[in-house]
Amino acid sequence: ISACLVGLEMCIRDRSRPDLAEKCLSNIKAFIGWIDLSLIVNNRFLPLLYSFFTDSELREETSDVFYEIVSRGMDSSSKIDLLASLNLCPILASLNADDTDFLTKIARLISRMGEILLHCVEQVPSEKSKGQLSDCLQLMFKYMNHPDYSVSHQALAFASLYLNSIKKLHKLGQITNDHVEHLKLYLQIIRNKLKYDDTFDFENTKEQESLVRYRMELSNLFKGITQILPELVASFVRLQISNIPKQENISLFSPYDIEVSIYLFYLMGEGLPDAVVKNTKSFFNQVIIDLTDSCAPGHPHRCVTQIYFETVTRYAKYFENKDYLIKILKAFVDHRGILHPHSAVRSRCCYLFTRFVKVLKPQLLPILPDIIACLTNLLTFQNQNGNQALEFKDQMSLLESIGLLIADTNQQYIPFILTPLCDKLSELVAQKPYKQDTEDNPVYTNLLCQIIFAIGTFSKGFPLGLNLQPATAETFGSTFQLILIALRDMPRSLELRSKVVFFFHRMVLLLGDQTFRYLEPALPILMVNCGGPDLLTFIALINQMIGHFKEKFEPMIDRLFLPLVNRISEYTTGQVTSDSEEEREKLEIKKHYYLFINTLSSNKLATILVSPVNVSNFETIWRSIVEGCYFFRDVTIQRLSFSTIRNLILTWGTPGADWSRFTEIIFNDVNKAMFAVPLDNKFNLSDLASDSVINEIAQIQKMLLSKLGNQFIELLKDLVLPSMQFNNGNIQVYTSALGANNAQDFRKFLREFLTAQKDQIRY
């Protein structure tokens, strides 16, 4: 190593082989973690290393060497002495370079020094360490404010840690004037760096993603300062907003200055708890008024317009000025918002309008006719591309917004939206142009699907339990009939089937029992032709109906049960490639099967399993439930299986039920599974996910004890526990704990006991 260092010195002094010098530096960098630092940190080599900072071929490697030196592990006192002997801050402050790669390395070195000094000051709060930290902070602020994002980004780690240290001091009441000045400097630098560069390309997705990540880190710093000194931030933000010009002076100001001013105001609310914002809502109300009076709502640059609408939506729930609410609403629905020339702004405004409506619905109702008049022309559907002004997904946002506004007390407006959609659907079903569609060009199939989805989306705005006017309910019902015709015409169209299932989900919630007469003929068509993801959505629909209708759904599910189980079995059996998409899909369907059986048993429909139609297949169904208990690949399936068993015990153990049907099952299968599963090597008792399975097993045992009493205890003592290799002492401890502990204590005991028993069996 000494020879290497001597060789380095020789190579540099004659300047003949800079390539060798660079390799020597690279080797030294690798050795720093374990060599005696005095070989380098001395009066002979430090001046040599310092001189390399001005050598364009060696300075980056030199920066890395110093990074490794300052990162060397040692106690805080020794580290302070090391950094003092290096005296890097004045040297780094004097550098005059414009090479971004080199400056990025320097910023990284400064940030590392700062992180270390923060730790040292906490451990050894001496004047020496505080002085070094102060020097390092000045460099951090300088490089954090550097024009290049990659250089600035390297300083953010230290900036974040220092801000956290100020936050801790503030909580202790130990914040100083120097800290306040530093926070002011933070605010100005964050503002500078959040501002878009004049060369930024808003159409470049990759550039956008990179800047979004950088802005997120800066935003977190800003929100942190807001939490420390909200009054300071409010004053800073108010000053920024006051500089936004009126419309007549718009050309005098950069759109990026305007955008960043509004964005800082947006972030301020993100950094404060809702209670604080609510208590100071007069401030936020006034800023929103000032923004609305400025050039922001109609600014020609998309970034300004978009952040304006983001901000008024963010603070909508605190806004109280009715006159300005009308102004904001008008901006939303005209060329400044939903009809903006740029598609990205239009799309975002449609989404934000839905959020705006949800918050301010009562205040908007008086002007509801004007809103509907503005929006209905945007909700026509002519082809697969939707309206020319708006994309289909944006139209759906508007439909949901209108549904929110008119559902409760203004149902007289529903026909204005619903009737044109139903008329178009009726026309398509009558003329059946979708039958002429090709796989490559399904124009009318797409249009049909759009309309069905639009009707369902419109109903999303309606609250649960809404008492629909008879005419409206009848219109939705007639839509069912039309959809059934289309489904019979195209039973295998995956796109149509997915939209039909979505519509059914909505109507179950909206029409309730009225959906029975429409669902009964439709469900078999959906089930017969479904597979893969389509099967998942169908099972989800059935589960929703079971949970919603409970016993009322029994006749229909009784007929569907066995065909559905057979369909699931057909799809999940057979060999598949390990770790393939097909294997993952089949596992998900298997999980949905167990959720389906569990949903039945949880909603007073367990009798379906032994109804006259299904009783001959009960043993097969029961076997699948037991197999689920042993399905170690997925703990969710195990939990659902044990939960189903618990539900069945609860159902068949009630007075008047056929308890004898279940007794033999308990003896042969359940008691064994309750111990064999958690004691199996493939079951991880230390995994938190296994808690849910242990909880189910504990509940089952307490339930069996309450129903069978001493008979269950004797069964455990004589047959079950001996078969699991429990010794007599453990058997006595276990059965005593089962009888003596409440459910919560027994669950804790069960996990600890099984863990100990598992260890005993293993060794």
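This report concerns the structure included in the present document. (Residues numbered from 1 in each chain as written. Predicted model: local features only at pLDDT ≥ 70, side-chain atom pairs only at ≥ 80, totals over all residues. Heavy atoms only, no water.)

The next point concerns the overall build of the protein. Along the protein, the regular secondary structure elements total 36 helices and 0 strands. Across the 763 residues of the protein, 53% fall into the buried class. Looking at the protein alone, contacts between residues at least 24 apart form 73% of all its contacts between residues at least 6 apart. Total accessible area on the protein is roughly 34500 Å²; 51% of this is exposed by carbon and sulfur atoms. Of the charged side chains in the protein, 77 are positive and 83 negative, and the gap between their average positions amounts to 4 Å. (Helix = DSSP H or I, 4+ residues; strand = E, 2+ residues; numbered from the N terminus. Buried < 20%, exposed > 50% of the residue type's maximum accessible area, 1.4 Å probe, protein only. Contact = heavy atoms within 4.5 Å. Areas by Shrake-Rupley, 256 points an atom, 1.4 Å probe, with all protein chains shown as cover. Lys, Arg positive; Asp, Glu negative; His and termini not counted. Charge placed at Lys NZ, Arg CZ, Asp CG, Glu CD.)

Here we come to helix α31 (residues 635-652). Compared with an ideal rise of 1.5 Å per residue, which puts 18 residues at 26 Å, α31 spans 26 Å between its outermost C-alpha atoms and is within 8% of the ideal. The element α31 is largely enclosed, with a buried count of 13 among its 18 residues. Two or three places before T636, at the start of α31, stands the capping residue D634, its side-chain oxygen 2.9 Å from that residue's backbone nitrogen. (Expected span 1.5 Å × (residues − 1). Polar contact = N/O pair within 3.5 Å; in protein donor to acceptor, adjacent residues only side chain to side chain.)

Core analysis: the largest hydrophobic core is formed by 275 residues, its most contacted members being L86, M144, Y186, L523, F596 and F675. Residues within four places of F596 in sequence aside, it is in contact with I539, I542, N543, I546, I557, F561, L564 and V565. (Core = buried A, V, L, I, M, F, W, Y, C linked by side-chain atoms within 4.5 Å.)

This brings us to the layout of surface pockets. Reported here for the largest pocket is a volume of approximately 690 Å³. Considering the residues around the largest pocket, the lining is formed by 21 residues, among which Y196, V212, R215, Q306 and E310 are closest to the centre. Contributions of two or more residues to the lining of the largest pocket are made by α12 (205-228), α14 (255-271), α17 (302-314) and α19 (343-364). A per-element tally of the lining of the largest pocket places α12 first, with 6 residues. (1 Å grid on protein atoms, 1.4 Å probe; cavity = no way out; pocket = protein on both sides within 12 Å on 5 of 7 lines; lining within 4 Å. Points joined across faces, edges and corners; volume = space filled by probe spheres on them.)

This paragraph deals with the packing of aromatic side chains. Using the criterion set out here, one finds 44 aromatic pairs in the structure. With 6.1 Å between their ring centres and 85 degrees between their planes, F675 and F726 make a pair best called edge-to-face. Of this pair, F675 sits in helix α32 (residues 660-679) while F726 sits in the loop between α34 (710-723) and α35 (728-740), placing them 51 residues apart in sequence. Using a relative accessible area of 5% as the deciding quantity, one classes F726 as buried. Between F675 and Y734 the ring centres are 5.5 Å apart and the planes differ by 65 degrees, which places this aromatic pair in the edge-to-face class. Placement of the pair is F675 in helix α32 and Y734 in helix α35, with a sequence separation of 59 residues. In this structure, F675 and Y734 share a single accessibility class: buried. An aromatic cluster is built from F675, F726, Y734, F746, F749 and F753, whose rings are joined through pairwise contacts. The residue whose ring lies beneath R108 is Y67, and the NZ or CZ to ring-centre distance is 3.6 Å. When the ring centre of Y196 is taken as reference, the NZ or CZ atom of R215 above it lies at 4.3 Å. (Phe/Tyr/Trp six-rings, centres within 6.5 Å; stacked < 30°, edge-to-face > 60°. Lys NZ or Arg CZ within 6 Å of the ring centre and 35° of its normal.)

For the rest of this paragraph, the subject is the pattern of salt bridges. Per the counting criterion, the structure on display carries 38 salt bridges. R633 is the salt-bridge partner of E583, the closest N and O atoms lying 3.8 Å from each other. One end of the pair, E583, is in helix α29 (residues 581-602); the other, R633, is in the loop between α30 (618-629) and α31, and 50 residues separate them in sequence. One salt bridge in this structure joins D634 and K591, with 3.1 Å as the shortest N-O distance. Placement of the pair is D634 in the loop between α30 and α31 and K591 in helix α29, with a sequence separation of 43 residues. The buried category is assigned to D634, whose relative accessible area is 9%. (Salt bridge = Lys/Arg side-chain N within 4 Å of Asp/Glu carboxyl O.)

This is a description of form; function is not addressed.
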